[in-house]
Amino acid sequence: QVQLVESGGGLVEPGGSLRLSCAASGSIFSIYGLRWYRQAPGKQRELVARITSSGYTDYGDAVKGRFTISRDNAKNTVYLQMNSLKPEDTAVYYCNRGPLLWGQGTQVTVSS
């Protein structure tokens with residue numbers, strides 16, 4: 001059974017950095033594109049970043065220039081490096097593959 005497990009969330013001050021990880025099990029990891037989404041309280045889930053199987057990356061407008069998505073196929077893991085964090089980045093961050101496979105989410109809180 002395929003699972004996605006996120007980690008790395010936490011509380012950080014504005015301007016700080018965090019790195020999220022998403023470990024996948026039970027599938028051939030390298031052939032799939034992966035995405036990071038986030039959902040803040042009272043808001044719709046939004047796409048943060050995506051990476052294709054060939055390594056092409058794309059970002060939501062709100063995080064361009066601050067966040068970087070990457071993958072390590074040898075470790076079956078996708079990462080989201082988040083720099084220059086703002087209070088509006090506060091949300092639960094989810095790892096996703098395709099329409100049906102989601103992780104449980106990891107909370108990111110940016111606050112002083």
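See the structure shown above.
The following refers to the structure shown. Note that the coordinates shown come from a computational prediction; the quantities given were computed from them, not determined experimentally. (Residues numbered from 1 in each chain as written. Predicted model: local features only at pLDDT ≥ 70, side-chain atom pairs only at ≥ 80, totals over all residues. Heavy atoms only, no water.)

1. Notes on unusual backbone geometry
If you check the backbone angles, N76 has positive phi at about 55° while not being a glycine. Mapped onto the elements of the fold, N76 is located in the loop between β7 (67–72) and β8 (77–82). N76 sits in the partly exposed class, given a relative accessible area of 22%. A positive phi angle, near 50°, is found at S84, a position not held by glycine. (Helix = DSSP H or I, 4+ residues; strand = E, 2+ residues; numbered from the N terminus. Buried < 20%, exposed > 50% of the residue type's maximum accessible area, 1.4 Å probe, protein only.)

2. Observations concerning the side chain of R71
Residue placement: R71 occurs in strand β7. At 8.4 Å, D72 is the nearest oppositely charged side chain to R71, a buried residue that forms no salt bridge. At 3.0 Å, the side chain of R71 forms a polar contact with the backbone oxygen of F29. Among the polar contacts made by the side chain of R71, one reaches the side chain of N73 at a distance of 2.9 Å. Aside from chain neighbours lying at most four places away, what touches R71 is F29, S30, Y32, G33, L34, I51, T52, S53, T77 and V78. (Lys, Arg positive; Asp, Glu negative; His and termini not counted. Salt bridge = Lys/Arg side-chain N within 4 Å of Asp/Glu carboxyl O. Polar contact = N/O pair within 3.5 Å; in protein donor to acceptor, adjacent residues only side chain to side chain. Contact = heavy atoms within 4.5 Å.)

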